[in-house]
Amino acid sequence: MNTGLNFRFAEEQDVAKILHFVKELAAYEKMADEVVATEELIREWLFEKKIAEVIFAVENEAEVGFALFFHNFSTFLGRAGIYLEDLYVLPECRGKGYGKALLKQLAKLAVERGCGRLEWWCLDWNQPSIDFYRSLGAEPMSDWTVYRIAGMTLKELAK
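This text gives an overview of the structure that appears in the document. Quick caveat, the model's predicted, so the values are computed rather than measured.

### What about the pairing of strand E2 (residues 53–59)?
Here's step 1: Here E2 lies mainly inside the structure; 6 of its 7 residues are buried.
Here's step 2: In this sheet, E2 lies alongside strand E1 (residues 5–9) in antiparallel orientation, the contact comprising 5 bridges. In the strand pairing of E2, Asn 6 is matched with Val 58.
Here's step 3: Pairing geometry for E2 and strand E3 (residues 62–74), over 7 bridges, is antiparallel.

Structural data, given as structure tokens:
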């Protein structure tokens, strides 16, 4: 493990930095046009409503990666889990073990908080990430399909 790497939780003054990482990740995932988040929304949901948290990987006092996560709940386990929404390491910092280090930090946090699992989604085409996750012992949930209702469909269903 790299001894020059540290971790810190994001604070409200990091809102612009968080949005920057989100946009970098979206560009990598070929989904940049789908980002509608703003600094105001991130401030509201992460720091006022406290719905999600961010951990930064920090090298030489510069943020080089981030993980955005929140708690979910498993009725079968009877306890919370951590759902990893975003994991991203700057391209120039890849290959140094920082992605693994961020996941280890989340695993430690999950254990400290008494959570029963750490889980996330991965795009089917993202073979480098799939290979990386498999190397850590992560298992794909092949028996499950993700469903989503959003936008106007969500508004219609809510009527």
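### Points about the pattern of salt bridges
Here's step 1: Counting across every chain of the model gives 8 salt bridges.
Here's step 2: A salt bridge links Lys 17 to Glu 63; the shortest N-O distance between them is 3.0 Å. Of the two residues, Lys 17 sits in helix H1 (residues 15–28) while Glu 63 sits in strand E3, which places them 46 residues apart along the sequence.
Here's step 3: According to the relative accessible area criterion, Lys 17 is partly exposed, its value standing at 31%.
Here's step 4: According to the relative accessible area criterion, Glu 63 is buried, its value standing at 16%.
Here's step 5: Put simply, Glu 44 and Lys 49 hold a salt bridge, and the shortest N to O gap is 3.0 Å.
Here's step 6: The exposure class assigned to Glu 44 is partly exposed, which follows from its relative accessible area of 25%.
Here's step 7: You can call Lys 49 partly exposed: its relative accessible area is 42%.
Here's step 8: One connected set of salt bridges, linked through shared partners, spans Arg 8, Asp 14, Lys 17 and Glu 63.

### Some remarks on the pairing of E3
Side chains on a regular strand alternate between the two faces of the sheet.
Here's step 1: Counted along the chain from E2 to the antiparallel partner E3, the turn is 2 residues long, and its residue Asn 60 has a positive phi close to 50°.
Here's step 2: Counted along the chain from E3 to the antiparallel partner strand E4 (residues 79–89), the turn is 4 residues long, and its residue Gly 78 has a positive phi close to 70°.

### Let's talk about the nonpolar core
Here's step 1: Core analysis: the biggest nonpolar cluster contains 38 residues, and Ile 18, Leu 46, Val 54, Phe 56 and Phe 66 have the highest contact counts within it.
Here's step 2: When residues in this core are grouped by element, the largest group, 7 residues, is from helix H3 (residues 98–112).
Here's step 3: When near neighbours in sequence (up to four residues on either side) are disregarded, Leu 46 contacts Ile 18, Ala 52, Val 54 and Leu 68.

Calculation criteria
- Residues numbered from 1 in each chain as written.
- Predicted model: local features only at pLDDT ≥ 70, side-chain atom pairs only at ≥ 80, totals over all residues.
- Heavy atoms only, no water.
- Buried < 20%, exposed > 50% of the residue type's maximum accessible area, 1.4 Å probe, protein only.
- Helix = DSSP H or I, 4+ residues; strand = E, 2+ residues; numbered from the N terminus.
- Pairing = 2+ DSSP bridges.
- Salt bridge = Lys/Arg side-chain N within 4 Å of Asp/Glu carboxyl O.
- Core = buried A, V, L, I, M, F, W, Y, C linked by side-chain atoms within 4.5 Å.
- Contact = heavy atoms within 4.5 Å.

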